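Each chain is listed here by its residues.
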Amino acid sequence: MFVVNWKNLVIALFALVVPAALAAETHRIIFDTDFILPPGDDGLALLLALQSPEIEILGITTVAGNDSLEQATADVLWLLEHTGNVEIPVYRGADMPWVHEKSDYAVRRFGEWYSDEPPTPPPGGFASKSAESEGALEFIVSTVMDNPGEITIVAIGPLTNIATAIRSHAGFAANVRRLVIMGGAVALLPDGAGNITPNAEFNFWVDPEAARVTLRSGIPIMLSPLNVSRKTSLTKDWYEKMIAVTTPVTELLETTMGPRFEREPDRIHLMYDQVAVGSLIDPTLVTTEELYVDVDIDHGISYGTSVGGREIWPGAEGAHKMQVQYDLDWTRFIEMFIERMQTNP
Ligand SMILES: [Ca+2]
């Protein structure tokens, strides 16, 4: 007679289920970027994602920000080709913010988001890999809707593509697993000044209307604002530790970052987008506070400024709560970053 030994059955089931639960979660992500090559932050953030087994990049979507859309697209294709990642598809996104128009101020200050100049070739010439014919909006919406509740979006440029996806499809926001954003600066927390106007951070300032729609969408958000970027401090000493081991990635870093440290050996460089990616890999690296965060879209002196509060305040009735990073274990972060750069993929 067959008798079920319940104890053995439970042990067998436990052995099957527990290792899967304990295994590190792999984040399936869409990487949305106003890409610039290393030593620029998007380039280093992409290298960190590519070199990290916790992250699977389903596709890269480009947006105007640090540079024009076409330059960002050409440069990200180049980086993928030069790191042996040609299988990752790249989709062109928005080439201008929703409302913000080119201004004399924008031309004088950082960023080439408004530019319609043809892209200049990356070092050694354009990649032979091309962008997909499908656009970023279609890719973002279809990937999320085909995998409800499973896809994380890492958005490290102006939020034009993400907000357009939210606006274009009623069910989209509810089906995004989570959104990790580099953007904003929160005056309520330490180090909350802006970097493009006195109080506005660059990504949010380029497309304030898109930032507001995204932050109000109800998607669970982890925000990596300037407050936490300012806890980083990449010095020549750390750079030299990074390139002390020779791999294809550290050779690429030596070529791209080396001249900067030779020119200015004492300068301390901040890391922005890299922190957003790093916090997805290991959330214990950052300290957060849950705040309501909204974005000023009045075309006055605070256009594009993010405001964080512990309670809703007048004018911010549509704001949502999100995790806002304001501190970082810098040593543990940079040691992880260096270790990943030195790992052969
Ligand atoms: Ca960026």
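Because the structure is predicted, anything quoted here is derived from the model rather than measured.

**Side note on the overall build of the protein chain**
- Of regular secondary structure, the protein chain possesses 14 helices and nine strands.
- Against the 2.2 N^0.38 benchmark of 20 Å for 345 residues, the protein chain shows a C-alpha radius of gyration of 21 Å, consistent with a compact globule.
- Referenced to the eigenvectors of the C-alpha coordinate spread, the extents of the protein chain come out at roughly 85 × 55 × 45 Å.
- Split into buried and exposed, the 345 residues of the protein chain put 54% on the buried side.
- Contacts spanning at least 24 positions in sequence make up 80% of the contacts within the protein chain whose residues lie at least 6 apart.
- Of the accessible surface of the protein chain, which amounts to about 15300 Å², a share of 54% is contributed by carbon and sulfur atoms.
- Between the averaged position of the 23 positive side-chain charges in the protein chain and that of its 47 negative side-chain charges there is a distance of 5 Å.

**Brief notes about the coordination of the calcium ion**
- Protein ligation of the calcium ion involves D34 (OD), D42 (OD), D42 (OD), I156 (O) and D273 (OD), the donor distances falling in the range 2.2 to 2.5 Å.
- The sequence motif formed by the donor residues of the calcium ion is D-x7-D-x113-I-x116-D. Taken together, the residues D34 in the loop between β1 (27–33) and α2 (41–50) and D273 in helix α13 (residues 273–281) connect sequence positions 239 residues apart.

**Some thoughts on the confidence of the model for the protein chain**
- Put simply, the protein chain has an average pLDDT of 94, and 93% of its residues get 70 or more.
- Within the protein chain, no element has a lower average pLDDT than helix α1 (residues 6–22), which sits at 51, and none a higher one than strand β3 (residues 90–92), at 99.
- Within the model, pLDDT remains below 50 along residues 18–22, and this stretch shows one contact once partners closer than five positions in the same chain are excluded.

**Regarding the sheet that holds β3**
- With mixed pairing, the nine strands of this open sheet are ordered in space as β3-β2-β1-β4-β5-β6-β9-β7-β8. The outermost strands of the open sheet, each flanked by one partner alone, are β3 and β8 (306–309). Taken pair by pair, the neighbouring strands of this sheet meet at an average axis angle of 30°, ignoring direction.
- On the sheet, α13 packs against β1, β2 (55–62), β4 (151–155), β5 (176–182), β6 (221–224), β7 (286–295) and β9 (320–328) and is oriented at approximately 145° with respect to β5.

**Considering the pattern of salt bridges**
- Throughout the structure, instances matching the rule amount to 13 salt bridges.
- Ionic pairing is found between R310 and E289, a salt bridge with its closest N-O pair at 2.6 Å. Linking R310 in the loop between β8 and β9 with E289 in strand β7, this pair joins segments that are 21 residues apart in sequence.
- The partly exposed category is assigned to E289, whose relative accessible area is 22%.
- For E339, the salt bridge goes to R340, with nearest N and O atoms at 3.8 Å.
- With a relative accessible area of 42%, E339 lands in the partly exposed category.
- Three or more residues are tied together by salt bridges with common partners; here these are R28, E56 and E150.

What counts as what
- Residues numbered from 1 in each chain as written.
- Predicted model: local features only at pLDDT ≥ 70, side-chain atom pairs only at ≥ 80, totals over all residues.
- Heavy atoms only, no water.
- Helix = DSSP H or I, 4+ residues; strand = E, 2+ residues; numbered from the N terminus.
- Rg over C-alpha atoms; globule rule 2.2 N^0.38 Å.
- Buried < 20%, exposed > 50% of the residue type's maximum accessible area, 1.4 Å probe, protein only.
- Contact = heavy atoms within 4.5 Å.
- Areas by Shrake-Rupley, 256 points an atom, 1.4 Å probe, with all protein chains shown as cover.
- Lys, Arg positive; Asp, Glu negative; His and termini not counted.
- Charge placed at Lys NZ, Arg CZ, Asp CG, Glu CD.
- Donors = N, O, S within 2.8 Å, 3.2 Å for Na, K, Ca; no water.
- pLDDT = per-residue confidence, 0-100.
- Pairing = 2+ DSSP bridges.
- Axes fitted to C-alpha atoms, helices over the stretch in contact; angles between N-to-C directions.
- Salt bridge = Lys/Arg side-chain N within 4 Å of Asp/Glu carboxyl O.

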